[in-house]
Amino acid sequence: MDRNLVFDFTNLTEETVGAHGITDGLLSSLSDRAVGIHADILTRRNKGRLAFMELPYANIEGILSYAKKVRDRFENFVNAGIGGSALGAQALVLALCHPFHNLVGSKAVSGMRMFFADNIDPDFLDGMFEVCEPPKTLYNIITKSGSTAETMGTFLIVKSILEKTVGSSWRDHVVFTTDPEKGDLRSIAESERITSFDVPEGVGGRFSVLTPVGLLPAACAGIDIQELLAGAAVMDKRLAVTPVMDNPAYLFSLYQYLLDREKGKRVTVMMPYSSRLYGLADWFRQIWAESLGKRKDLGGADVYVGSTPVKALGVTDQHSQVQLYVEGPFDKVFTILRVERFEHELLMEPAYAERASLAYLGGRTMADLMEAELKGTVYALTANGRPNMTITFPEIAPYTVGQFMYALEVATVFSGGLYRINPLDQPGVEWGKTAAFALMGRPGYENRAEDIRRGLASHERYVK
Ligand code: PA5
């Protein structure tokens with residue numbers, strides 16, 4: 001049984017979607033640049049500047065043994081982190097655990113119940129704290145910088161809840177994942193003697209799913225993280241293919257880039273035909289947006305680049321978005337995620353033989369219907385000149401999800417080369433982070449607070 005992802009680019013080409021597609025000539029016009037960007041990636045990797053690329057080979061013994069210990073002790077796992085410190089783990093749990101994970105099975109079989117505090121909506125958080133009884137709960141505080149206001153604020157609440165309920169043993173109910181040296185969380189880990197894991201040096205938040213940031217929650221949820229890394233490693237080998245124009249991750253980037261720059265496809269829609277893979281579209285949305293949405297190029301010139309990633313869900317959004325996708329503006333490219341073998345096929349029992357308009361469904365499965373709906377959308381998009389591609393997962397498993405995440409991480413970095421920007425920084429995010437510090441009164445940010453107050457003053461005539 002072939003367990004490798006299949007990338008089908010056919011419907012991105014002029015041959016199938018006409019003038020909105022890419023010709024072989026246009027694609028090969030980028031081959032010299034592709035070779036150069038590939039060489040640059042190899043050089044940076046060899047110098048240890050693309051640390052995320054080595055993660056499939058990391059030693060995970062510490063994570064496995066800690067996860068085993070806490071799974072025996074706690075019922076609930078609350079993950080407090082945001083952005084890159086949440087989306088990867090959430091995607092893994094959604095894809096690789098039972099769809100109603102928190103409601104089924106004993107924790108010994110299915111892993112701890114998983115809760116994600118990735119927003120600070122006080123009603124949402126309060127509800128979460130209410131359903132997770134503190135004595136039965138482990139709180140994982142994840143922030144690479146160790147200073148993000150949302151996560152550190154959540155930590156303060158967690159700490160006080162625990163002190164009131166479990167008293168001096170509160171430290172045993174908390175684990176940190178943060179920078180190995182810097183930041184408040186690291187020094188608190190040391191002073192309070194709290195168990196902690198490192199976000200390895202040089203790995204940014206959105207590239208950190210294969211570090212303890214994603215692996216610890218996944219292991220606590222009962223996911224086979226060794227298989228996840230094995231999938232990432234096999235993709236790493238596969239991406240070493242030559243010539244570089246045969247590399248599926250690079251081809252993904254090249255087509256996306258050409259469709260954006262040459263064909264005006266400013267929006268890139270990822271549409272899994274699987275509820276379980278929806279979190280991967282969410283994860284992709286972040287890595288693509290935060291890495292490639294940039295004002296400055298590498299030379300410091302203003303370029304304002306980046307296509308806008310959008311997530312949609314098949315089949316649900318066939319009845320919400322597909323009308324727009326098929327007949328609206330020609331500004332989108334689509335990546336369909338297809339599952340070849342669902343874990344369950346779910347038979348529709350034959351009934352109402354006298355009604356031909358219903359009986360045709362009898363004896364078929366929901367998996368058949370899903371496939372037909374997916375093909376219908378691909379056909380409609382293609383026939384209407386909408387470039388689309390399909391990534392097929394032979395099955396939903398840690399091995400295939402690991403392949404997908406690794407490939408898309410590499411594709412994102414390669415795209416940074418095409419746009420000539422730095423995909424590893426996020427100056428736009430820092431605006432919001434420091435604004436929050438300023439407005440919440442953090443010392444050192446007084447001038448910034450004043451600027452913001454002035455800049456945000458409403459004009460009476462526009463307020464009704
Ligand atoms: O990818 C990134 O760098 C960001 O999305 C961060 O993960 C996010 O801003 C949270 O940062 P931190 O982990 O420092 O709290």
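Treat the numbers as computed from the prediction; the structure is a model and nothing was measured. (Residues numbered from 1 in each chain as written. Predicted model: local features only at pLDDT ≥ 70, side-chain atom pairs only at ≥ 80, totals over all residues. Heavy atoms only, no water.)

(A) Examining the pairing of strand β5 (residues 174-178) more closely. Burial of β5 is extensive: 5 of the 5 residues sit out of reach of the surface. Along β5, one buried face is formed by Val174, Phe176 and Thr178 and the opposite face, lined by Val175 and Thr177, is buried too. By the bridge criterion, 5 bridges tie strand β4 (residues 137-143) to β5 in an arrangement that is parallel. Among the inter-strand pairings, asparagine 140 is bridged to a residue of β5, identified as valine 175. Handedness of the β4-helix α8 (residues 149-165)-β5 crossover: right-handed. Across 3 bridges, β5 lies against strand β6 (residues 196-198) in parallel orientation. Residue pairing across strands places phenylalanine 176 opposite serine 196, the latter belonging to β6. (Buried < 20%, exposed > 50% of the residue type's maximum accessible area, 1.4 Å probe, protein only. Helix = DSSP H or I, 4+ residues; strand = E, 2+ residues; numbered from the N terminus. Pairing = 2+ DSSP bridges. Right-handed = clockwise from strand over helix to strand, strands pointing away.)

(B) Summary view of the packing of aromatic side chains. Under the definition given, this model contains 15 aromatic pairs. Between the aromatic rings of phenylalanine 252 and phenylalanine 284, the centroid separation amounts to 6.1 Å while the plane-to-plane angle is 85°, which identifies the pairing as edge-to-face. Here phenylalanine 252 is found in helix α12 (residues 248-263), whereas its partner phenylalanine 284 is found in helix α13 (residues 278-292), with 32 residues between them in sequence. Taking relative accessible area as the criterion, phenylalanine 252 reaches 1% and is therefore assigned buried. You can call phenylalanine 284 buried: its relative accessible area is 2%. Seen from their ring centres, phenylalanine 252 and tryptophan 288 are 5.7 Å apart, and the 80° between their planes marks the pair as edge-to-face. With phenylalanine 252 in helix α12 and tryptophan 288 in helix α13, the pair connects residues that are 36 residues apart, well separated along the chain. (Phe/Tyr/Trp six-rings, centres within 6.5 Å; stacked < 30°, edge-to-face > 60°.)

(C) Looking closely at the site of the ligand. Within the structure, the ligand sits among 14 residues, and Thr143, Ser145, Thr148, Gln286 and Glu290 are positioned closest to it. Separating an oxygen atom of the ligand from a side-chain N or O atom of glutamate 290 is a distance of 2.7 Å. If the ligand stood free it would expose 380 Å²; the protein chains cover 92% of that surface. Partitioning the shell around the ligand into residue classes produces 1 nonpolar, 9 polar and 4 charged. (Near = heavy atom within 4 Å. Polar contact = N/O pair within 3.5 Å; in protein donor to acceptor, adjacent residues only side chain to side chain. Areas by Shrake-Rupley, 256 points an atom, 1.4 Å probe, with all protein chains shown as cover. Nonpolar A, V, L, I, M, F, W, Y, C, P; charged D, E, K, R; others polar.)

(D) Focus on helix α5 (residues 87-96). The element α5 is largely enclosed, with a buried count of 8 among its 10 residues. Listed as buried for α5 are Leu87, Gly88, Ala89, Ala91, Leu92, Val93, Ala95 and Leu96.

(E) The arrangement of the side chain of serine 291 in detail. Along the chain, serine 291 turns up in helix α13. Residue serine 291 is classed as buried on the basis of its relative accessible area of 0%. At 2.8 Å, the side chain of serine 291 forms a polar contact with the side chain of arginine 206. Here isoleucine 287 takes part through its backbone oxygen, which lies 2.6 Å from a polar atom of the side chain of serine 291. The contact partners of serine 291, leaving out residues within four places of it in the chain, are Arg206, Phe207, Gln286, Thr412, Ile421, Asn422 and Pro423. (Contact = heavy atoms within 4.5 Å.)

(F) Summary view of the state of the cysteines. As enumerated under the stated definition, the model contains 0 disulfides in all. Between cysteine 220, a free cysteine, and cysteine 97, which holds the nearest cysteine sulfur, the sulfur-to-sulfur gap is 11 Å. The exposure class assigned to cysteine 220 is buried, which follows from its relative accessible area of 0%. (Disulfide = S-S within 2.5 Å.)

(G) A look at the pattern of salt bridges. What the rule picks out here adds up to 26 salt bridges. Among the ionic pairs, glutamate 133 bridges to lysine 136, the shortest N-O distance being 3.6 Å. Overall, glutamate 133 belongs to the partly exposed group, its relative accessible area being 44%. On the basis of relative accessibility, which here comes to 35%, the residue lysine 136 falls in the partly exposed class. Its salt-bridge partner being aspartate 368, residue arginine 364 comes within 3.3 Å of it at the nearest N-O pair. (Salt bridge = Lys/Arg side-chain N within 4 Å of Asp/Glu carboxyl O.)

(H) Seen up close, the packing of α5 against helix α17 (residues 398-419). It is at 11 Å that the axes of α5 and α17 come closest, and there the two elements cross at 145°. For the pair α5 and α17, the sense of crossing is right-handed. Each of Gly88, Ala91, Leu92, Ala95 and Leu96 in α5 lies in contact with α17, whose residues at this interface are Pro398, Val401 and Met405. Partitioning the contact of α5 with α17 into residue classes produces 7 nonpolar, 1 polar and no charged. (Axes fitted to C-alpha atoms, helices over the stretch in contact; angles between N-to-C directions. Left-handed = near helix turned anticlockwise from the far one by under 90°.)

(I) Local environment of unusual backbone geometry. The omega torsion across threonine 242 and proline 243 is -5°, close enough to zero to call that bond cis. With omega at 0°, the peptide bond leading from glycine 314 into valine 315 counts as cis. By the element assignment, valine 315 lies in the loop between β10 (308-311) and α14 (322-327). Positive phi outside glycine occurs at arginine 193, with the angle close to 55°. By secondary structure assignment, the location of arginine 193 is in the loop between α9 (184-192) and β6. Of the residues examined, arginine 193 reaches a relative accessible area of 75% and is grouped as exposed.

(J) View of the sheet that holds strand β2 (residues 76-80). With parallel pairing, the 5 strands of this open sheet are ordered in space as β3-β2-β4-β5-β6. With one partner strand each, in any of the chains shown, β3 (113-117) and β6 form the two edges of the open sheet. Strand after strand, the sheet turns through a mean of 20° between neighbouring axes, direction not considered. The strands touched by α9 within the sheet are β4, β5 and β6, with β5 carrying the most contacts at an inclination of about 140°. Of the strands in this sheet, β2, β3, β4, β5 and β6 are in contact with helix α10 (residues 212-220), which crosses β5 at around 150°.

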